[in-house]
Every structure is written in C-alpha cells, then in structure tokens.
Amino acid sequence: MPPRIGYLLPTRERVMEGRPEAAPLLALAERAEGLGFDSIWVGDSLLARPRHDPLTLLAAVAARTKKAGLGTAVLLPALRNPVVLAQQIATLDQISEGRYILGVGIASDVPNIRAEFVAAGVPFEKRVGRMLEGLRLCRALWTGKPVSWSGRWAVDNSTLGPVPHRPGGPPIWIGGMVRASRERVGRLYDGWFPNAPDAKGWGEQWREIQDIARDAGRNPADLTGALYLTLTIDEDSGRAERRMDGFMENYYGQPPAVMRGRQANYAGPAAGAAAWLKSYIDEGASHLVLRFAGDPERQMETIARLRPELG
C-alpha cells in the first residue's frame, strides 16, 4: 500500500496572527483534499496554545470534504468528560461517515499546559489515568449497549445514541513516545502517532511495538505506524532554516534549538524533503501527517508533486 499523507490545518497559527475566521481554514481543507492529501488534521488546546475546538472544526470539514480522513493531532481526552466526549465523537464519526481517527495524547509537562489543566478543573498528575479510563468508557458507550460504570465517572445502565458510524468507534492512535505509551499501543490501541524521533529511532521503536502486539496475541499488521512531522520547503536552505526557527520560537515560546531537538522537522529544498519523508516510510511508517511552517498552499502543492517519489 502506498503511504498516506495528511495535512494539519494551521488553527494555532491563524489565532496567533489574529485571523481566527473559519472559512479560510475550511477552504484549505478542501484544497488539501483536491490535491490528493489522504487526511486532514486539527490540533487541540484550550488556553496553553489557543486555537479552534478540534471536534467542532472537524465536523465542518467533514461536511465540506468527501474522502479524506479526519483526525485530531492530538486530542487531550483528560480535559474532557468521557461521556460527553463519546457523544461528540460518535456524532462527528456519523457526519464524516466513518472517516474520523482519534489521535490522543497526555500533554507535555510545561507550565502553561499545567495551568490549562488547572483552568479546566483537572488534576494534571492524574491525566494518564483519566485518559486511559476515559477511553475505556468511550469504547464501552460506542458499543450501543447499556453501560454501567463505577470509577472516576458513574454511569447507570445507560445507552449512548448515536453510536459512531464505524462499528466500535474510530481507531485510536497514541501520540506518546515513552515506553509506557508504546506498551499501550501494542496491547490496546490502533496506531502510534509520535512527533519524533529520527527515522532510524522511529523504526526501532515501531518494531518494538509490533513485538509487544505479537506478545499480546494481536496482529501487528492491524496497527498503523504514523508520524506528526513539521517541515518548511524552500530551495534557499538558509531562508528555510530561518523560517523554521521563527516558527518554532513563536509557536512554543521556547528557543528554536530546544523545540527542533524535541520534534522531527525538516527545513530545506524539495528534493531533501522527499528523501527525509521517504526515510520514515522505509522504516515502516504508513501515514505521515505534515505541519507546514509558513505558506501552506505552496507547500501543499510541492508535496503533491513529490508524492510519486514517496512510494
């Protein structure tokens, strides 16, 4: 199967620029689908990195597109009541007719994200347990059968309607890179969706996840190896480097060298971008989600031209 290529809508960037209107974002989603991108993604944050609500925006994207998958890169389930979340996701999956992919994460441990959890009334230190239990509860509700639940949340013999279009609910991809996250992917979930490391390191960890799946009695072929990658394509390498540095510093409020060391990123000519992306595909990645630093339409068109080189 050829690799699937996704596009991350610049919701955070547009809010930072003082241009929060949704219509241009929906037009970008339509453009991405028209250029052959296989999926369209939206990030998540309440206050730490202000942006559009991902599920609401993806519902609008679902109504404006026909074939592209839709995903969250990544949603923070710990910030949400899972009963409410289960209904929202079921509705989105119905609108999209089964195109939604639930990418999830636990959030980085930095001060502004801790403050975001406080503002939402959620204990930051409990975020992993809340995410895991919340996802279990969502999956139980998505069966359409009566659910009774006693834990962080209480459900008394209740049934969710509608259930997702896709039986059992959307695939769940885990964004974490630590060993515990990789264990969860192999044993419980449907895909791995980190934003680092380099291709060789990613391949080593992906094969580890496949081994965990085998040991758990699962078929590794049923799992998706995905990546969240940031790039800026420019034939002037120096200009590309400066653009990437500025993007990382403005987006995260941290020195660019710090963020570029933490996240997989590329800045440079198109030929190098193709080789960089293909290095992940050669290690087994089957779905690459791309975030562009600057000029998204031009870079979408460049990636569309490069597709034949990616396999």
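Please give an account of helix α4 (residues 82–96) that cites residues and values.
For α4, which comprises 15 residues, the first-to-last C-alpha distance of 20 Å matches the rise-based estimate of 21 Å (1.5 Å per residue) to within 8%. When α4 is considered as a whole, its buried residues turn out to be Pro82, Leu85, Ala86, Ile89, Ala90, Leu92, Asp93 and Ser96. For α4, the angular spread of buried residues about the axis comes to 165°, placing them on one side. Contacts made by the buried residues of α4 are with α3 (54–64), β3 (69–72), β4 (100–104) and α6 (127–142). The N-capping residue of α4, defined by a side-chain oxygen 2.8 Å from the backbone nitrogen of Val83, is Asn81.

I'd love a proper account of the pattern of salt bridges, names of residues and values included.
Applying the stated rule across the entire model yields 24 salt bridges. A salt bridge links Lys200 to Glu204; the nearest nitrogen and oxygen atoms lie 2.8 Å apart. On the criterion of helical spacing, the pair formed by Lys200 and Glu204 is a turn pair, its members being four residues apart in helix α8 (residues 199–215). Under the relative-accessibility criterion, Lys200 is labelled exposed at 54%. The class of Glu204 is partly exposed, set by a relative accessible area of 43%. Asp211 is the salt-bridge partner of Arg214, the closest N and O atoms lying 2.8 Å from each other. Placement of the pair is Arg214 and Asp211 together in helix α8, with a separation of three residues, close to one helical turn. The exposure class assigned to Asp211 is partly exposed, which follows from its relative accessible area of 42%. Salt bridges sharing common partners tie together Arg179, Arg182, Glu183, Arg187 and Glu208.

Just give me the short version of the packing of helix α2 (residues 22–34) against α3, but keep the residues and values in it.
One can describe the packing of α2 onto α3 by two numbers: an axis separation of 10 Å at closest approach and a directional angle of 50°. One element, α2, and the other, α3, form an angle in the oblique class. Viewed along their axes, α2 and α3 form a crossing whose handedness is right-handed. Residues Ala22, Leu25, Leu26, Ala27, Ala29 and Glu30 of α2 pack against Leu57, Ala60, Val61 and Arg64 of α3. Here the contact of α2 with α3 is composed, by residue class, of eight nonpolar, no polar and two charged.

Mind laying out the packing of α3 against α4, listing which residues take part and the relevant values?
Two elements in contact, α3 and α4, have axes whose closest approach is 8 Å; the angle formed by their N-to-C orientations is 15°. As far as their axial angle goes, α4 and α3 are roughly parallel. At the point where α3 passes α4, the crossing takes the left-handed sense. Contacts between α3 and α4 involve Leu55, Leu58, Ala59, Ala62 and Ala63 from the first element and Leu85, Gln88, Ile89, Leu92, Ile95 and Ser96 from the second. In terms of residue class, the contact of α3 with α4 is built from nine nonpolar, two polar and no charged.

So, the packing of aromatic side chains: which residues are in play, and what are the values?
Overall, the coordinates contain 13 aromatic pairs when judged by the stated rule. Between Trp173 and Phe193, the aromatic rings sit 5.5 Å apart at their centres with planes inclined by 75°, giving edge-to-face as the arrangement. Separated by 20 residues along the polypeptide, Trp173 in strand β7 (residues 172–174) and Phe193 in the loop between β8 (191–192) and α8 bring together distant segments of the chain. Exposure remark for Phe193: the relative accessible area of 2% places this residue in the buried category. Residues Phe247 and Tyr251 carry aromatic rings whose centres are separated by 5.4 Å and whose planes lie at 35° to one another, so their mutual orientation is tilted. Here Tyr251 and Phe247 lie together in helix α9 (residues 237–252), a separation of four residues that amounts to about one turn. Of the aromatic side chains, those joined through ring pairs into one cluster are Trp41, Trp173, Phe193 and Tyr228.

Describe the pairing of strand β2 (residues 39–42), and please don't skip the residues or the numbers.
Where burial is concerned, the two faces of β2 agree: the one with Ser39 and Trp41 and the one with Ile40 and Val42 are both buried. As defined by bridge partners, strand β1 (residues 4–8) adjoins β2 across three bridges and the pair is classed as parallel. Paired with Tyr7 across the strands is Ile40, a residue of β2. Where β2 meets β3, four bridges bridge the pair, whose relative direction is parallel. Its bridge partner lying in β3, Trp41 is registered against Gly71.

An account of unusual backbone geometry is requested, with residue identities and associated values reported.
A cis amide bond links Ala73 to the next residue, Val74, at an omega of -15°. For the bond running from Gly161 to Pro162, omega is 0°, close enough to zero to count as cis. In this structure, Asn157 is a non-glycine residue whose phi angle is positive, near 50°. Counting through the fold element by element, Asn157 comes out in strand β6 (residues 154–158). With a relative accessible area of 54%, Asn157 lands in the exposed category.

Cut-offs used in this document
- Throughout this description, residue numbers start from 1 for each chain and increase along the sequence as written.
- Side-chain atom pairs in this predicted model are given and counted only at pLDDT of 80 or more, local residue features only at pLDDT of at least 70, and totals for whole chains, interfaces and linings cover all residues.
- Processing note: side-chain calculations cover all non-hydrogen atoms of the structure and skip hydrogens and water entirely.
- Every helix listed is a DSSP run of H or I at least four residues long, and every strand listed is a run of E at least two residues long, numbered separately from the N terminus.
- Working rule for helices: expected span equals 1.5 Å times residues minus one.
- Relative accessibility thresholds used throughout: buried, under 20% of the residue-type maximum; exposed, over 50%; partly exposed, between the two (1.4 Å probe, protein chains only).
- Regarding the arc, it is the one traced by the directions from the helix axis to the C-beta atoms.
- Contacts: residue pairs with any heavy atoms within 4.5 Å of one another.
- N or O atoms within 3.5 Å of each other form a polar contact, as long as, within protein, one can give a hydrogen and the other can take it, and as long as residues adjacent in sequence are counted only when both atoms are side-chain atoms.
- Counted as salt bridges are all cases of a side-chain nitrogen of Lys or Arg within 4 Å of a carboxyl oxygen of Asp or Glu.
- Comment: axis = line fitted to C-alpha atoms, over the contacting stretch for helices; angle = value between 0 and 180 degrees taken between N-to-C directions.
- These descriptions rest on fixed angle ranges, namely under 35 degrees for roughly parallel, over 145 for roughly antiparallel, 65 to 115 for roughly perpendicular, and the rest for oblique.
- For any pair of crossing helices, the crossing counts as left-handed if the nearer helix is rotated counterclockwise from the farther one by less than a right angle, and right-handed if it is rotated clockwise.
- Three classes are used, and their members are as follows: Ala, Val, Leu, Ile, Met, Phe, Trp, Tyr, Cys and Pro are nonpolar, Asp, Glu, Lys and Arg are charged, and the others, Gly among them, are polar.
- Any two of the Phe, Tyr and Trp rings considered here, Trp counted by its six-membered ring, make a pair once their centres fall within 6.5 Å; the pair's planes then place it as stacked at under 30 degrees, edge-to-face at over 60, or tilted in between.
- When DSSP finds two or more bridges between two strands, those strands count as paired.

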